[in-house]
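These are the residues of each chain, in order.
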Amino acid sequence: MASLKRLETEFPILDRDFQSFCALRGIFTVQDFLIHDLQSLVADAEQQTSSERFMQAINQVLCVIDGLHRPWSNGVELMEDAQKNKHVLSTGCEGMDFLLRGGLHKGQVTELAGPSSSGKTQFCLLTASTVAYKHMGGVIYLDTGNSFSAKRIAQFLNQISRPAFDEMQPIVLQKVMNSILCQSVFDIFSMFDVLHCLESKLKSQMCRGDNDEILIIIDSISSLITPILGSSGSQGRALMVSAMSLLKKLAHEYNLAVLVTNHTVGGDGGIPKPALGESWKTLTHVRLLLSRDCGSDTYHVSLLKHPSAASGKAAKFIINN
Amino acid sequence: MEVGRLPISAALKGKLVSAGYTSLSLLSSLSPSHLARGAQTAWDMLHEEELLTRITTSSVDIDNILGGGISCRDVTEIGGVPGIGKTQLGIQLAVNVQLPIHCGGLGGKAIYIDTEGSFMVERVLQIAEACSNDMSATNTVSQDVHAGKVGMQPRDFLENILYFRVCSYTEQIALINYLDKFISEHRDVKIVIIDSITFHFRQDFDMALRTRLLGGMALKLMKLAKKFCLAVVLLNQVTTKYAEGSFQLTLALGDSWSHACTNRIILYWNGNERYAYIDKSPSLRSASAPYAVTAKGIRNSVSNCKRIKLM
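Source: prediction; values computed, not measured. Every chain's residues receive numbers from 1 upward, in the order its sequence appears when written. Just so you know, chain letters begin at A and ligand numbers begin at 1, following the order they were written in. Only residues with pLDDT of 70 or above have their local features reported here, since the model is predicted, and side-chain atom pairs are shown and tallied only from 80 upward, although totals for entire chains, interfaces and linings are computed over all residues. In computing side-chain values, all of the structure's heavy atoms are included and hydrogens and water are not.

1. Quick look at the overall build of chain B
Then step 1. Along its length, chain B carries 11 helices and 15 strands.
Then step 2. Buried means the residue's accessible area, taken with a 1.4 Å probe over protein chains only, is under 20% of the maximum for its type, while exposed means over 50%, and partly exposed covers the values in between. Here chain B holds 311 residues, and 49% of them are scored as buried.
Then step 3. When checking whether two residues touch, look at their non-hydrogen atoms; a contact exists if any pair is within 4.5 Å. Of the contacts formed within chain B by residues at least 6 apart in sequence, a portion of 66% connects residues at least 24 apart.
Then step 4. Roughly 14,800 Å² of accessible area belongs to chain B as shown, and the carbon and sulfur atoms make up 56% of that amount. For the purposes of this entry, the term helix denotes a DSSP run of H or I that reaches at least four residues, the term strand denotes a run of E that reaches at least two, and both are numbered from the N terminus. Only the protein chains shown count as cover for residues, and all accessible areas are computed by the Shrake-Rupley method using a 1.4 Å probe.

2. Regarding the pairing of strand β7 (residues 257-262) of chain A
All names here are of chain A.
Then step 1. Most of β7 sits inside the fold, with 6 of its 6 residues counted as buried.
Then step 2. Burial along β7 is two-sided: Ala 257, Leu 259 and Thr 261 and Val 258, Val 260 and Asn 262, pointing in opposite directions, are all buried.
Then step 3. Pairing between strands is defined by DSSP: at least two bridges between them are needed. Across 5 bridges, the pairing between strand β3 (residues 109-113) and β7 is parallel. When the sheet's bridge partners are listed, Glu 111 is paired in β7 with Val 260.

3. Details of the nonpolar core
Then step 1. We call a set of buried residues a nonpolar core when its members are Ala, Val, Leu, Ile, Met, Phe, Trp, Tyr or Cys and they connect through side-chain atoms within 4.5 Å of each other. Counting residues in each nonpolar core, the largest one holds 46 residues, and the members touching the most others are A:Met96, A:Phe148 and A:Met177.
Then step 2. Tallying contributions element by element places helix α8 (residues 120-134) of chain A first for this core, with 7 residues.
Then step 3. Ignoring sequence-local partners within four residues, the contact set of A:Met96 consists of A:Thr91, A:Leu112, A:Phe123, A:Leu288, A:Val301 and A:Phe317.
Then step 4. The next biggest cluster of nonpolar side chains, apart from the first, holds 41 residues, and it includes B:Ile55, B:Ala94, B:Val95 and B:Cys131.

4. Some details on the side chain of B:Ser132
Residue and element names in this part refer to chain B.
Then step 1. By the secondary structure assignment, Ser 132 is in helix α7 (residues 121-141).
Then step 2. Classification of Ser 132 as buried rests on a relative accessible area of 9%.
Then step 3. Ignoring anything within four residues of it in the chain, the contact list for Ser 132 reads Met 152, Pro 154 and Phe 157.

5. A word on the pattern of salt bridges
All names here are of chain B.
Then step 1. Definition used for salt bridges: Asp or Glu carboxyl oxygen within 4 Å of a side-chain nitrogen of Lys or Arg. Applying the stated criterion across every chain yields a total of 12 salt bridges over all chains.
Then step 2. Measuring nitrogen to oxygen at the nearest pair gives 3.0 Å for the salt bridge that ties Arg 73 to Glu 48. Of this pair, Arg 73 sits in the loop between β3 (70-71) and β4 (75-80) while Glu 48 sits in helix α4 (residues 42-51), placing them 25 residues apart in sequence.
Then step 3. Its relative accessible area of 28% is what places Glu 48 among the partly exposed residues.

6. Observations regarding unusual backbone geometry
Then step 1. Here the amide bond leading from A:Asp219 into A:Ser220 is cis, since omega sits at -10°, within 30 degrees of zero.
Then step 2. Here A:Ser220 lies in the loop between β6 (213-219) and α12 (221-225).
Then step 3. Cis geometry marks the peptide bond from B:Asp195 to B:Ser196, where omega comes out at -15°.
Then step 4. Take B:Ser196: it is sitting in the loop between β7 (189-195) and α10 (207-228).
Then step 5. We note that A:Arg101 has phi near 55°; this positive angle belongs to a residue other than glycine.
Then step 6. Inspection of the secondary structure assignment puts A:Arg101 in the loop between α7 (94-99) and β2 (104-105).
Then step 7. Positive phi, close to 80°, is recorded for A:Leu276, a residue that is not glycine.
Then step 8. Of note, A:Leu276 is situated in the loop between β9 (272-274) and α14 (277-281).

7. With respect to the environment of B:Thr41
Then step 1. Looking at where B:Thr41 falls in the secondary structure, it is placed in strand β1 (residues 40-41).
Then step 2. A relative accessible area of 13% places B:Thr41 in the buried class.
Then step 3. Not counting chain neighbours up to four residues away, the residues in contact with B:Thr41 comprise A:Met177, A:Asn178, A:Ile180 and A:Leu181.
Then step 4. Here the side chain of B:Thr41 touches B:Asp44 through a polar contact of 3.2 Å, side chain to side chain. Two N or O atoms form a polar contact when they lie within 3.5 Å of each other; inside protein one atom must be a possible hydrogen donor and the other a possible acceptor, and for residues adjacent in sequence the pair counts only when both atoms belong to side chains.

8. A few points about the interface of chain A and chain B
Then step 1. With 48 residues of chain A at the contact, the number on the chain B side is 41 residues.
Then step 2. Counting every contact that joins chain A to chain B gives 14 residue pairs in polar contact (both at pLDDT 80 or more).
Then step 3. Across the side of chain A that touches chain B, the residue classes tally to 18 nonpolar, 24 polar and 6 charged.
Then step 4. Pairing of strand β5 (residues 180-184) of chain A with β1(B) involves 2 bridges; the strand directions are antiparallel. Think of it as three bins: nonpolar holds Ala, Val, Leu, Ile, Met, Phe, Trp, Tyr, Cys and Pro, charged holds Asp, Glu, Lys and Arg, and polar takes everything else, Gly as well.

Okay, here's the thing in structure tokens:
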């Protein structure tokens, strides 16, 4: 947050007198200004000798603050934005697409929870291959468990393109696989690093006009959050919430879809429920619960939460080997 | 805007200026590969995966379902009932990793972390002798370049196994933290075997603390496997779980721990035979294969029907 001293160069009205007037009341930065009681400040300013200058200075700071928040948009603009930008990415699996009303929505964070070996990583790899091939977009895959398998991606790509070719030509395969970037992250701070780098990259890309990336996959975000959640103090939960708000911001501003995976823990009566607790439930837009019949290729998925579909629906699908 | 006026710490400013970035516009024109090290495209990873060698388990059937053996850069969890042969498999891998690459090993050393005290040196000697006998037998049959080299003696096998004994969970966590530094100094370590990872976490633990500690430990092991390109093998015990109205046998440490591994192999009894079953893998099919524990170590099971059962 900018300090008043730094703003002086741009707005000469915020001169030393005003700065010392504010400093006497504990206001050094724009943030302090925001939380201070404005009416008492105005009343104090009127009692000073150079009250007019001070009032102008206060108005100037308020203008700066006004300029910092995003412009209001009305329903029509939101509708246009949704139709132009917020498209739907097919996941490559019809059952899942039907449940999600088309697929992963850009601008939304989708969570896939399931017990161990229930197909979450397989689904993430399938979605990455489908998006890279069909939508020609860049995929960022953050892997916390060394389970990204490029061989499996190649298998999925051959499967998706089989109607066209018997096996994908190497040049096309290389081009598609080059748009999937995989990085291993092993703690939440390195995930923050990667997301901040991604943010600056996307910002510069947006200025230039081309926007490559359309999907971020984090497999699994729960293994990053579990070691810090629950200890004395709420720093763990704060980190979890800030990570999700960063992801949501990236999703909304740069038109990305985000897919994260979560594991399950035992709930009441032994029925598995998604991990990470109650506060986590509100942080994602779409929540899915996945399970697999033991020893078979059939997966069951049910919808726990969706902004525009009724929850409780379920679907079955098969991912071939 | 000058870097010197950015609201960041002085240390960071110093680093940026010394790297030559004196203004914000220079930074913004950088491509992300300069700033975020470590990201790779799937195409590069495909070629790397094809080049990765695997560690044989000395049982051809198990190697077949594993796609060649235990892979590096992965954390593999092996679990089973007591007496099924987990420690035997661990010792076999500790010996096999030292074999040269053309024999199915990686020519490297092994770190064996023992939490239960089940490591028997006499058994290791027995397995090492059998291994070096097998090697010299194949060397006399096929006259290859290495025929001139003196075959590995059992003593050499023992020398290359680095053994740690831990007696409490704090020691275990401290050791795993220390492994990073240790392995950077001993770069020829190619496998870390922990037998068993469960033992110290099963008694008298506050569940929330256990979940946090295990989660942190899992991430550290993953990082170790990836950074030094070695295999990490965790041996786990079983417990009963009450689910769907009955008691079922499941691996210990709970649901959150089951996500700590890349691959999972479950060892179980089927009649009189021991079987290994792939429970979790990002790229291998679910399959099971029989094996036997002999005086020479882990070998193929000698039964009439040696079919591999595909799920």
